[in-house]
Amino acid sequence: MNTTKDDFDPIPSTRFQATVGVGSLEQAQTEADALAVPVGADGEPAAELGTDRAALASAGFTGQRGQSLVQPRSDGPVRVAIGTGAGEVDLALVRDLAADFARAVPWHRRLAIEVPPQLRGVSVADFAQAVTEGVLLARWRYFLGKDADKPTLESLLVVAFDEDSEQARQGVERGRVVAAACSLGRDLANCPATTLSAVRMAEIAVEVGTAAGLEVEVYDKDQLIAMGCGGLLGVNRGSVQPPRMVRLRYTPEQPTGRIALIGKGIMYDSGGISLKPSDESHAQMKNDMTGAATVLASMTALRDLGCTAAVTGYLMCTDNMPSGSAMMLGDVLRMRNGTTVEVLNTDAEGRLVMADGLALATEEPVDAIVDIATLTGACLRTFGVEIAGVMGNDPAVVTQLKTAGEIVDEPVWELPLHRPYRKQLDSPIADLTNMGGVNAGSITAALFLEEFVDGKPWAHLDIAGTAQLPEARSWRNKGATGFGTRLLIEFARSFATPS
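Draft legend 1. The sheet that holds strand E6 (residues 155–159), seen in detail. With mixed pairing, the six strands of this open sheet are ordered in space as E1-E6-E5-E2-E4-E3. The outermost strands of the open sheet, each flanked by one partner alone, are strand E1 (19–23) and strand E3 (68–71). Put simply, the sheet's adjacent strands are angled 20° from each other on average, direction ignored. One ladder, built from four bridges, connects E3 with strand E4 (residues 78–85); its direction is antiparallel. Within E4, the residue paired with Ser-68 across the bridge is Ile-82.

Draft legend 2. Region of interest: helix H4 (residues 124–139). Between the first and last C-alpha of H4 there are 23 Å, a value that for 16 residues agrees with the 22 Å anticipated at 1.5 Å per step. Burial analysis of H4 places 15 of its 16 residues in the buried class, which makes it a mostly covered element.

Draft legend 3. Quick peek at the environment of Leu-137. By the secondary structure assignment, Leu-137 is in helix H4. Of the residues examined, Leu-137 reaches a relative accessible area of 0% and is grouped as buried. C-alpha separation for the pair Leu-137 and Arg-476, spaced 339 residues apart in sequence, amounts to 7.1 Å. When residues no more than four places from it in sequence are discounted, the contact partners of Leu-137 are Ala-179, Cys-182, Ser-183, Arg-186, Trp-475, Asn-477 and Arg-486.

Draft legend 4. Representation of the pattern of salt bridges. The final tally for this structure, using the stated rule, is 28 salt bridges. Close ionic contact of Arg-176 with Glu-173 constitutes a salt bridge, the shortest N to O distance being 2.5 Å. Taken together, the residues Arg-176 and Glu-173, both in helix H5 (residues 165–190) and three residues apart, mark about one turn of the helix. Since its relative accessible area comes to 37%, Glu-173 is described here as partly exposed. Here Glu-386 makes a salt bridge to Arg-473, at a shortest N to O gap of 3.1 Å. Remark: Arg-473 occurs in the loop between strand E18 (468–469) and strand E19 (479–480) and Glu-386 occurs in the loop between helix H12 (377–383) and strand E14 (388–392); sequence separation between them is 87 residues. For Glu-386, a relative accessible area of 40% puts it in the partly exposed group. Through salt bridges with shared partners, a single network forms among Arg-95, Glu-133, Glu-410 and Arg-486.

Draft legend 5. Quick look at helix H11 (residues 350–361). Taking 1.5 Å of rise per residue, the 12 residues of H11 would be expected to cover 16 Å, and the 17 Å separating its terminal C-alpha atoms lies within 8% of that figure. Of all 12 residues that make up H11, 12 are buried, and the element is covered over most of its length. Turning to H11, its buried residues number three or more, namely Gly-350, Arg-351, Leu-352, Val-353, Met-354, Ala-355, Asp-356, Gly-357, Leu-358, Ala-359, Leu-360 and Ala-361.

Draft legend 6. Region of interest: the packing of aromatic side chains. Taken as a whole and assessed by the stated rule, the structure comprises two aromatic pairs. Considering the side-chain rings of Phe-448 and Phe-452, the 5.3 Å spacing of their centres and the 45° angle between planes classify their relative orientation as tilted. Sitting over the face of the ring of Trp-475, Arg-486 holds its NZ or CZ atom 4.5 Å from the ring centroid.

Draft legend 7. The packing of H4 against H5, seen in detail. Packing of H4 against H5 brings their axes to within 7 Å, and their N-to-C directions diverge by 30°. Along this stretch, H4 crosses H5, giving a crossing that reads as right-handed. Taking contact as the criterion, the partners of Val-124, Ala-125, Asp-126, Ala-128, Gln-129, Thr-132, Glu-133, Leu-136 and Leu-137 in H4 are, on H5, Gln-167, Ala-168, Gly-171, Val-172, Arg-174, Gly-175, Arg-176, Val-178, Ala-179, Cys-182, Ser-183 and Arg-186.

Draft legend 8. Molecular detail of the nonpolar core. The biggest cluster of nonpolar side chains holds 56 residues, and the ones touching the most others in it are Leu-188, Met-201, Met-299, Leu-315, Leu-401 and Leu-461. When sequence neighbours within four positions are dropped, the list of residues in contact with Met-299 reads Leu-214, Leu-248, Arg-249, Tyr-250, Leu-261, Val-311, Thr-312 and Gly-313. Leu-352, Leu-358, Leu-447 and Leu-449 belong to the second largest nonpolar core, which has 45 residues in total.

Draft legend 9. The environment of Asp-90, seen in detail. Here Asp-90 shows up in the loop between E4 and helix H3 (91–104). Put simply, Asp-90 and Asp-269 are 179 residues apart on the chain and 39 Å apart in space, counted from C-alpha to C-alpha. Leave out the neighbours within four places in its chain, and Asp-90 touches Arg-65 and Val-122. Polar contacts involving the side chain of Asp-90 include one to the main-chain amide nitrogen of Leu-93, which spans 2.8 Å.

Definitions and cut-offs
- Residues numbered from 1 in each chain as written.
- Predicted model: local features only at pLDDT ≥ 70, side-chain atom pairs only at ≥ 80, totals over all residues.
- Heavy atoms only, no water.
- Pairing = 2+ DSSP bridges.
- Helix = DSSP H or I, 4+ residues; strand = E, 2+ residues; numbered from the N terminus.
- Axes fitted to C-alpha atoms, helices over the stretch in contact; angles between N-to-C directions.
- Expected span 1.5 Å × (residues − 1).
- Buried < 20%, exposed > 50% of the residue type's maximum accessible area, 1.4 Å probe, protein only.
- Contact = heavy atoms within 4.5 Å.
- Salt bridge = Lys/Arg side-chain N within 4 Å of Asp/Glu carboxyl O.
- Phe/Tyr/Trp six-rings, centres within 6.5 Å; stacked < 30°, edge-to-face > 60°.
- Lys NZ or Arg CZ within 6 Å of the ring centre and 35° of its normal.
- Left-handed = near helix turned anticlockwise from the far one by under 90°.
- Core = buried A, V, L, I, M, F, W, Y, C linked by side-chain atoms within 4.5 Å.
- Polar contact = N/O pair within 3.5 Å; in protein donor to acceptor, adjacent residues only side chain to side chain.

Structure below.
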């Protein structure tokens, strides 16, 4: 590990583990600084809010979805009314409202939120999980300034009736595990590239992966040469930092399915010889390893959530830098599966490292392969920053990813894997090129990746747009979002082998 005096902790969120639990209203009155009370669009609010419907209405609060009203108190915690609207409550709303509560009282470190006496549409356990995720993720931050050592949250208490307390505890624990995984993914994607090299990424994978019950194997440059991983090695040629490939294995007793996850780990993407312009998007390229961070982060949660599918993860890690030894336009690389690729653009490097990972995944028994990558600017321009693209050769796998995205509020939208566009990847001197035409860039990139899955059930997630937000929204913070971590967790937990 190369260290300097300017190195920072790559995963600072692990230093601030807020206490999360279930308790009574009496506990909240004495232990919390702020208490959230859900209020619907009709009927009188709960007595602990300390006010009636008329008084709330006079302040402009009607209980509609998304409303919040902070009420200072001379005794006990501040009360915050949060509107749940009329009709059934969905989990996305609960998560959003919990995050809104956490943001409405930014200076309070001990929070409590009440489970409504009558929930419509969700279980107590799911409500508690969504609340926990919303608060913890809204209060997460990656900050390297003078106040970096000050925690943003000390405790969260979910207030439930005695008969609901066990369900609430189960939900709180699930929410804590999921939020911790997402926070890990955010930490890694926000970390400066000088601190988080491919070597350091592998060290962190060993540390957190082993602690989460994963088997972790790290492959260095010499091993990658012996393995014939020409894509990863080709991209790495311009760097002074050596590459790493990390294989993670989660193996439960009597697995109900076998999944392979491949994550793009470009620790910093300068574009290589095809140098990117010096603009804001270039400055964000420390997060071009978000796919690898997402695979690692999601797999740290599988044991504690009782996932029954076996999952193997591949982190394909290197930076992409220009130098006298860098990969050049016109070069031909030989991938792990023997396919040769003519390089027409060194800034289309992600698909090159992913190709080796996909080829490796096909060499073992597998029921589904999913890759995740900040792959194409075309996907960002198509869907913006809130929706990811998905494509694949197996409708069942794509459908399961879309369903998982709906459940966790990380939406994905399917693009067609239009195979007539495959001819845009033809090369006169190699099996294919690494670039298609000027249009449909997301689709031609996916068609390139399909060349390496050997016909196995496969889907590709393009998170180029969703990996980072320009400003905070609900439980999604500004900067790296961790998008995909919760989606992959849900996909793995609910995975059904394609028939």
